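# Structural characterization, general
Here is how the chains run, residue by residue.
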Amino acid sequence: MKKVELVTPIAEKDIHKLRIGDTVYVTGTMVTARDAAHKRMLQFLKEGKESPVTFEGLPLFHCGPLVKKVGGKWSVLAAGPTTSMRMEPYEDEVIKNHGVRLVIGKGGMGEKTRQAMKKYGAAYAVFTGGAAVLAAKHIEEVKGVEWLDLGTPEAVWVFVVRDFGPLVIAIDSEGKSLFEQVQAKAERNKARMLEQSGFQ
Amino acid sequence: MSLEVLENAVITLLKLAVVKLPEDVKSALEKAYRAERSPIGKAQLEAILDNIKIAEETGTPMCQDTGLTSFYLEAGSRFEGLERVEGILRRAIRRATVEVPLRPNAVDPFTQENTNDNTGRQVPYMHWRIVDGDFLEITTVPNGGGSENMSALKMMSADEGTYGLKKFVIENVVEAGGLPCPPTVIGLGVGGGPNIAMDLAKLALLKPLDKPEADKTVARLERELYEAVNRTGVGPMGLGGDSTTLGVKIEYAHRHPASYPVAVAFHCWAARRATARIHSNGDVEYLTHKV
C-alpha cells in the first residue's frame, strides 16, 4: 500500500504502477459523468458524433455535484461520488473509446469494467462516499460544463482539482479487485455466523 | 403563531439537518474511528470526520445527496392551523432548495423529468401522528439514494423466528457491501404487515443511537445484531474493516399468525436527523441541534 500523487494527463505507465489498496491524490483536470451522460456518450459514438468533452488521460468521476451559480460563475458546494455500479453497462465502451485512465466513484464496479481496465490500462478508485465537502474543497475551479439539459446532477462538469483524495485503488490494471476480496471474506464470515449456534 | 415563523423554522431545520450531524451520530463515528484496525478503513473514517468538520465550519451540506424529503410530524391536537402545514412544508422545501441549497431530487418516474424544486407527487412525504399538546414537532431525515436502494422487505415464514430475522439482516448487509456508504445506521422493522414493517424500519432510524432500548428483548437483539454486522468485515465504504454499522435500531408490531414480515432500511454514515418543536405561541425549539 503506497501513497501516489498523479498529475493529469495521466500516462498509462503510471496506471500500471498502481495496485489495489494504494492511496492516490490527483491534481489537474477531472470530468464528471453519471448514467445519463454515459448513455449519451455511447449514443454519440454510435451515431459517429463528436463528444463535446474529452477524457483522454483524465479521471472520470461518478458524481452529481451540488452546484451554485453566483454572478454567472459556477461554484461547487458538495461533490461526493455516486454509486458506480449504475455506470457498469456503459463503462467498458467509454474506457475503450475515450481513453479514460482513472474511474472514480464508490461501491465498486463489475466484471465488464474490470476486464476493460485490464485490457486498456485503467484503474478504479474509491473516494469516500458522502465526503462531499471534503471533495469540493479540492475542486479549485469549474472549467466548463456540457449537457446541462440533463439537469445539474447529470451534466458533465469539468473541474480543476488539487490533491483530490484520498482515493483508494479498488480495481487495478491487473484486474484485481479490492471489493471482491472484501466481499469474499464477508461471505465467509457470514457463513460462519449462520452456522454458529450462538447466533441463534 | 404566524405562518412565516413556521416556514422559516422548517427552512432552518432542513439546513441544520444537512449541515450538521446530531451529537449521537458524531460520537458513534468518532468511536468507530478510534476502534478501527484496518488502515484503509481508518482512512475512510478520517475522511468522514474531516468532511463533517468542514461542513459545519462552512455551513455547507455534508453530502451532495440531500435526499428525497420526508417529514415526520407529531401534531398537537391544540396546535392551530394544522390544515395549512402541508402547504407551508412544500413552500419551505422549495425555498430551502435554493437557499441552503439542496440538490433537486424529485424526478417523475415515467418522464424522468426533474421538478428542480424537490416537490412533486407525494413529495415531500409526510408521516402524521396526532398527539396531545399545542405544538407541532417536525423531524426530517435526509438519506442518500445509495443507501435507500439497499432497503429490503421479506415476508418470512412464521417459524423462522429471530434466527431468520438475524439471517435476513446479515445477508442484506453482506450483499449491500459498500453501496449504502457504511458504517451505516440500520433500521429494522419487525411484524405488522409488509407496509407496516417498512414503515417501522424507517421509524427506527429516527431513534438516537445513545439511548438504550427499554424493552429488554429488543435491546438484546439490537446489541447482538450490531455485533454480528460488525463481524462481517465489510467495513467503512465496503473496503474492509471493523466498522460496518454505527447502530441497529428496531421497531416492532404484532403480526398476523401466518406472516412474519421483516424490513431493513439503511441510513448512510451521514445519518442526518433534525427535529424542531414549534409551539403555538411562536417559540421554536431545535431538539437535535444547538442553534
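I will try to describe carefully the structure that is included in this document.

## What to know about the overall build of chain B
On a plain count of helices and strands, chain B comes out with eight helices and nine strands. Here the C-alpha atoms of chain B give a radius of gyration of 19 Å, agreeing with the 19 Å that 2.2 N^0.38 yields for 291 residues. Oriented by its inertia axes, the alpha-carbon framework of chain B measures out at about 50 × 50 × 45 Å. Per-residue burial for chain B yields a buried fraction of 49% across its 291 residues. When contacts within chain B are restricted to residue pairs at least 6 apart in sequence, long-range pairs at least 24 apart make up 79% of them.

## Section: the interface of chain B and chain A
Listed by partner, the interface residues are 43 residues for chain B and 40 residues for chain A. Those elements that provide at least two residues to the side of chain B that touches chain A are helix 3 (39-58) and helix 6 (161-176) of chain B. With ten residues, the top contributor of residues to the side of chain B that touches chain A is helix 3 of chain B. Tallied by class, the residues present in the side of chain B that touches chain A amount to 22 nonpolar, 15 polar and six charged.

## Some details on the sheet that holds strand 2 (residues 125-131) of chain B
Residue and element names in this part refer to chain B. Ordered in space as 2-1-3-8-9, the five strands form an open sheet in which the pairing is mixed. A strand with exactly one partner marks an edge of an open sheet, and here the two such strands are strand 2 and strand 9 (284-286). Mean inter-strand twist for the sheet, computed between neighbouring axes without regard to direction, equals 15 degrees. By the bridge criterion, seven bridges tie strand 1 (residues 70-76) to strand 2 in an arrangement that is parallel. Bridge pairing links Phe 71 to Met 126 in strand 2.

## Let's talk about the nonpolar core
Among the nonpolar cores identified, the biggest contains 142 residues, and A:Ala123, A:Ala125, A:Ala170, B:Leu14, B:Val169 and B:Leu188 are the most heavily contacted of them. Examining the composition of this core, we find that ten residues originate from one element, strand 9 (residues 156-171) of chain A, more than from any other. Counting residues domain by domain, this core receives three or more from each of domain 1 (3-18 + 62-144 + 273-286) and domain 2 (145-267) of chain B. Residues within four places of A:Ala125 in sequence aside, it is in contact with A:Val24, A:Leu102, A:Ile104, A:Leu167, A:Val168, A:Ile169 and A:Ala170.

## A word on unusual backbone geometry
Of note, the amide linkage connecting A:Gly165 to A:Pro166 takes the cis form, showing an omega dihedral of 5 degrees. Tracing the sequence through the fold places A:Pro166 in strand 9. In this structure, B:Pro183 follows B:Pro182 across a cis peptide bond, with omega equal to 5 degrees. You can see B:Pro183 is positioned in the loop between helix 6 and strand 5 (184-192). Phi is positive for B:Asn118, which is not a glycine, with a value near 65 degrees. Tracing the sequence through the fold places B:Asn118 in the loop between helix 4 (85-99) and strand 2. One non-glycine residue, B:Cys181, lies in positive phi territory at about 60 degrees. Summarising the element assignment, B:Cys181 is placed in the loop between helix 6 and strand 5.

## Overview of the sheet that holds strand 4 (residues 152-156) of chain B
Strand pairing in a sheet takes place through backbone hydrogen bonds and is either antiparallel or parallel in direction. All names here are of chain B. What the four strands build is an open sheet, ordered 4-7-5-6; its pairing is mixed. This sheet does not close on itself; its edge strands, each paired only once, are strand 4 and strand 6 (245-255). Going from strand to strand, the sheet's axes swing by 15 degrees on average, the running direction of each strand aside. Sheet topology note: the strand 5/strand 7 (residues 260-267) ladder contains six bridges and is antiparallel. Looking across to strand 7, one finds that Ile 186 is bridged to Phe 266.

## Description of helix 3 of chain B
For helix 3 of chain B, built from 20 residues, the straight-helix expectation of 28 Å at 1.5 Å per residue is met to within 8% by its first-to-last C-alpha distance of 28 Å. When helix 3 of chain B is considered as a whole, its buried residues turn out to be B:Ile40, B:Gly41, B:Lys42, B:Ala43, B:Gln44, B:Leu45, B:Ala47, B:Ile48, B:Asn51, B:Ile52 and B:Ala55. Considering only its buried residues, helix 3 of chain B is in contact with strand 2 (23-32), helix 5 (132-137) and strand 9 of chain A together with helix 1 (3-19) and helix 2 (23-35) of chain B.

## Details of the pairing of strand 7 (residues 123-127) of chain A
Residues and elements named next belong to chain A. In terms of burial, strand 7 is largely enclosed, as five of its five residues are buried. Residue alternation in strand 7 divides its side chains into two sets, Ala 123, Ala 125 and Phe 127 and Tyr 124 and Val 126, and both sets are buried. The β-α-β motif built from strand 6 (residues 102-105), the intervening helix 4 (residues 111-120) and the parallel element strand 7 has right-handed crossover chirality. Inspection of the sheet shows strand 7 paired to strand 9 by four bridges, in the antiparallel sense. Looking across to strand 9, one finds that Tyr 124 is bridged to Ile 171.

## What to know about helix 6 of chain B
The end-to-end C-alpha separation of helix 6 of chain B is 23 Å, in line with the 22 Å expected for 16 residues at 1.5 Å each. Those residues of helix 6 of chain B that fall on the buried side of the exposure criterion are B:Leu165, B:Lys166, B:Lys167, B:Phe168, B:Val169, B:Ile170, B:Asn172, B:Val173, B:Val174 and B:Ala176. Those residues of helix 6 of chain B hidden inside the fold are in contact with helix 6 (178-195) of chain A together with strand 4, strand 5, helix 8 (216-230) and strand 7 of chain B. One or two positions beyond helix 6 of chain B, positive phi appears at B:Gly177, with a value near 55 degrees.

What counts and how
Residues numbered from 1 in each chain as written. Chains lettered and ligands numbered in written order. Predicted model: local features only at pLDDT ≥ 70, side-chain atom pairs only at ≥ 80, totals over all residues. Helix = DSSP H or I, 4+ residues; strand = E, 2+ residues; numbered from the N terminus. Rg over C-alpha atoms; globule rule 2.2 N^0.38 Å. Buried ≥ 20, exposed ≤ 12 C-beta atoms within 10 Å, placed from the backbone. Contact = placed C-beta atoms within 7 Å. Nonpolar A, V, L, I, M, F, W, Y, C, P; charged D, E, K, R; others polar. Pairing = 2+ DSSP bridges. Axes fitted to C-alpha atoms, helices over the stretch in contact; angles between N-to-C directions. Core = buried A, V, L, I, M, F, W, Y, C linked by C-beta atoms within 7 Å. Domains from an automatic or database assignment. Expected span 1.5 Å × (residues − 1). Right-handed = clockwise from strand over helix to strand, strands pointing away.

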